[in-house]
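Chain by chain, the residues run as shown.
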Amino acid sequence: LACARLASLWTHHIDRHNIEDVMALFAEDAVLHGHGGVVIRGRAAIRKGLSRRDPNRVTRHVLAPPVVKLTGPDEAEGVAEYILFDAYRDQHPGLDILPIRTPLAVGEFHQLYRRIDGIWLIAVHKGTSIFRRQEA
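A brief structural summary. Keep in mind it's a predicted model, so treat the numbers as computed, not measured.

## Things to note about the layout of surface pockets
- In this structure, the largest pocket occupies an estimated 770 Å³ of space.
- Taken together, 28 residues form the lining of the largest pocket, with His33, Gly34, His35, Arg53 and Arg57 sitting closest to its centre.
- Looking at the lining of the largest pocket, the elements with two or more residues in it are α1 (2–15), β1 (26–33), α3 (43–50), β3 (57–63), β5 (75–88), β6 (105–116) and β7 (119–132).
- Counting residues per element, the lining of the largest pocket draws most heavily on β7, which supplies six residues.
- Taken together, the residues of the lining of the largest pocket break down into eleven nonpolar, eleven polar and six charged.
- Looking at the second largest pocket, its volume works out to about 250 Å³.
- Every element with two or more residues in the lining of the second largest pocket is listed here: β3 and β5.

## A word on the packing of aromatic side chains
- For the structure on display, the rule yields three aromatic pairs.
- Pairing Trp10 with Phe26 gives two aromatic rings, centres 5.9 Å apart and planes at 85 degrees, and the pair type is edge-to-face. Taken as a pair, Trp10 in helix α1 and Phe26 in strand β1 lie far apart in primary sequence, 16 residues in all.
- For Phe26, a relative accessible area of 0% puts it in the buried group.
- Residues Trp10 and Phe109 carry aromatic rings whose centres are separated by 6.4 Å and whose planes lie at 85 degrees to one another, so their mutual orientation is edge-to-face. With a gap of 99 residues between them, Trp10 in helix α1 and Phe109 in strand β6 connect regions that are remote in the sequence.
- By relative accessible area, which is 6% here, Trp10 ends up buried.
- Here the aromatic residues Trp10, Phe26, Tyr82 and Phe109 are joined through ring pairs into a cluster of three or more.

Parameters and conventions
Residues numbered from 1 in each chain as written. Predicted model: local features only at pLDDT ≥ 70, side-chain atom pairs only at ≥ 80, totals over all residues. Heavy atoms only, no water. 1 Å grid on protein atoms, 1.4 Å probe; cavity = no way out; pocket = protein on both sides within 12 Å on 5 of 7 lines; lining within 4 Å. Points joined across faces, edges and corners; volume = space filled by probe spheres on them. Helix = DSSP H or I, 4+ residues; strand = E, 2+ residues; numbered from the N terminus. Nonpolar A, V, L, I, M, F, W, Y, C, P; charged D, E, K, R; others polar. Phe/Tyr/Trp six-rings, centres within 6.5 Å; stacked < 30°, edge-to-face > 60°. Buried < 20%, exposed > 50% of the residue type's maximum accessible area, 1.4 Å probe, protein only.

Okay, structure coming up:
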């Protein structure tokens, strides 16, 4: 359950641009697989990469319950399917509720977890799109 909670917290905090809360989910030597094959290693580098997120971009991930499998006494792997919606606040000035578009993506989050000093943390995070909206 602790590992499944990490997947849910990832989407909750990333959608709200709570970078420090996201960072608390990661092991110090964590690996984040970003868009376009970018691989970011270590908490400091992940923080730097995530801090570049556009503050005008509003995202919401709708997450299915993660499937988690213990692979060792202090290791686990999990996958959670997601649907991602997005919009840009600066394209809709004055609106409290943004217009909805078709989802940007449907995909999976693959995470590896490691228990360190009794606390489960994300050791590896990789998102994979299965379907992606084609922009006109």
